[in-house]
Amino acid sequence: QLKIYTWILIAINVFLTYFVVKSIWSKKISIAASLLYLLLCIVYQGNGLWFDLALTPFALLLFYALKTKNYLWSGIFFALGFLTKQTFVYFAIPIVIATVQSTKHLAQRSKQLIFGAGIIFLIFAIILYALGILDDYYHWAINFGIFYLPNAEGQISLPNLKQFVYALLPFVLSLLSAEYFLIIFAMVGLLGVYPRWELFHFQPALPFIAAALSIFIFSKKHLFLKFAVGMLISLFLFIGIARSLGNTTRFFENDVNKTASVINSLKDKPQSLYVINYWDNIYALTD
């Protein structure tokens, strides 16, 4: 079920990448962007269900709404993204840029944004209150998740220089595109990698990196530079995908299954099991 759900989510992201890029640029660029996104998604550990992967459709829809100047839906998509994972707050940066770039009708745009986001937050709060878990949500998602956990012992994880350069290569190459709004979305989509560095935190930035690279590749200038970029991206994708080939399903690796088998083989199985510093699914695997 988890795999099917994840693959459906990836398919939705591929389709939205195609739709958004085709609507704003062209069909050939959209095909290249959606294919490149899919490959980048695999390299950046997207073949697994992460909150960051679930942010991608909201980031794409927010980009489309802002480009088409639909500020009501911009507020709605921002709120939905934020409630999925709070690192989506960084996407307030392009919202502010798009909203204040012209003082004409600024108040109207702001009201539409606030109303769109406010209605989602209000519905969400009413549902939590009706279920009697509003206090629990505040404790775990806000007080613990935002103010305590990021600074907790062991939560800060930074890359070495090799990992940093490798992971940022597609983003650096995408800067060759003249589409600054794509670059802004790619930039804020990358901010979720701090303070805990993992490749899957790049997921919200990937469709915008793919679109920017595709636009540059199909531009009518810099032939030699486009060839060099194409070679670098191809090498990057080859290395990344080759590393993922043959991997077992995450959280169901051989050592996890072996641990579960040892516990299940005990003749006098303990009535309770205390797990420290291990995956929670060991509870389910050992009943």
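Read on for an overview of the structure. (Residues numbered from 1 in each chain as written. Predicted model: local features only at pLDDT ≥ 70, side-chain atom pairs only at ≥ 80, totals over all residues. Heavy atoms only, no water.)

1. Re the overall build of the protein chain
Here is step 1 of the chain: Scanning the protein chain for helices and strands turns up 13 helices and zero strands.
Here is step 2 of the chain: The secondary structure elements of the protein chain, listed N-terminal to C-terminal, are α-α-α-α-α-α-α-α-α-α-α-α-α.
Here is step 3 of the chain: If one aligns the C-alpha atoms of the protein chain with their principal axes, the spans along those axes are about 70 × 50 × 35 Å.
Here is step 4 of the chain: The buried share of the protein chain, taken over its 287 residues, is 38%.
Here is step 5 of the chain: Long-range contacts, defined as pairs at least 24 residues apart, comprise 70% of the intrachain contacts of the protein chain with a sequence gap of at least 6.
Here is step 6 of the chain: Per element, the accessible surface of the protein chain, about 17,100 Å² overall, is 68% carbon and sulfur.
Here is step 7 of the chain: Distance from the positive charge centre (20 side chains) to the negative charge centre (11 side chains) of the protein chain: 22 Å. (Helix = DSSP H or I, 4+ residues; strand = E, 2+ residues; numbered from the N terminus. Buried < 20%, exposed > 50% of the residue type's maximum accessible area, 1.4 Å probe, protein only. Contact = heavy atoms within 4.5 Å. Areas by Shrake-Rupley, 256 points an atom, 1.4 Å probe, with all protein chains shown as cover. Lys, Arg positive; Asp, Glu negative; His and termini not counted. Charge placed at Lys NZ, Arg CZ, Asp CG, Glu CD.)

2. Concerning the side chain of Ser30
Here is step 1 of the chain: Relative to the assigned elements, Ser30 resides in helix H2 (residues 27-43).
Here is step 2 of the chain: Residue contacts for Ser30: discarding those within four places in its chain leaves Tyr18, Val21 and Lys22.

3. Here we look at the pattern of salt bridges
Here is step 1 of the chain: Following the criterion strictly, the structure yields one salt bridge and no others.
Here is step 2 of the chain: The partner of Asp52 in a salt bridge is Lys85, and the shortest N-O contact between them spans 3.0 Å. Placement of the pair is Asp52 in helix H3 (residues 51-67) and Lys85 in the loop between helix H4 (71-84) and helix H5 (92-100), with a sequence separation of 33 residues. Lys85 carries the same exposure label as Asp52, and that label is buried. (Salt bridge = Lys/Arg side-chain N within 4 Å of Asp/Glu carboxyl O.)

4. Remarks on the nonpolar core
Here is step 1 of the chain: If you look at the biggest cluster of nonpolar residues, it comprises 61 residues, and the most contacted ones within it are Leu40 and Phe202.
Here is step 2 of the chain: Element by element, the count of residues in this core is highest for H3, at ten residues.
Here is step 3 of the chain: Once residues within four sequence positions are removed from consideration, Phe202 is found in contact with Tyr44, Ala167, Leu168, Leu190, Val193 and Trp197. (Core = buried A, V, L, I, M, F, W, Y, C linked by side-chain atoms within 4.5 Å.)

5. Description of the packing of helix H1 (residues 2-24) against H3
Here is step 1 of the chain: Where H1 meets H3, the closest approach of the two axes is 9 Å, and the angle between their N-to-C directions is 15°. Here H1 lies roughly parallel to H3, going by the angle between them. Our pair here, H1 against H3, has a crossing hand that is left-handed. Of the residues in H3, those in contact with Thr6, Leu9, Ile10, Asn13, Leu16, Thr17, Phe19, Val20, Ser23 and Ile24 of H1 are Leu53, Ala54, Thr56, Pro57, Leu60, Leu61, Phe63, Tyr64 and Lys67.
Here is step 2 of the chain: Among the residues making up the contact of H1 with H3, the classes are represented as 13 nonpolar, five polar and one charged. (Axes fitted to C-alpha atoms, helices over the stretch in contact; angles between N-to-C directions. Parallel < 35°, antiparallel > 145°, perpendicular 65-115°, else oblique. Left-handed = near helix turned anticlockwise from the far one by under 90°. Nonpolar A, V, L, I, M, F, W, Y, C, P; charged D, E, K, R; others polar.)

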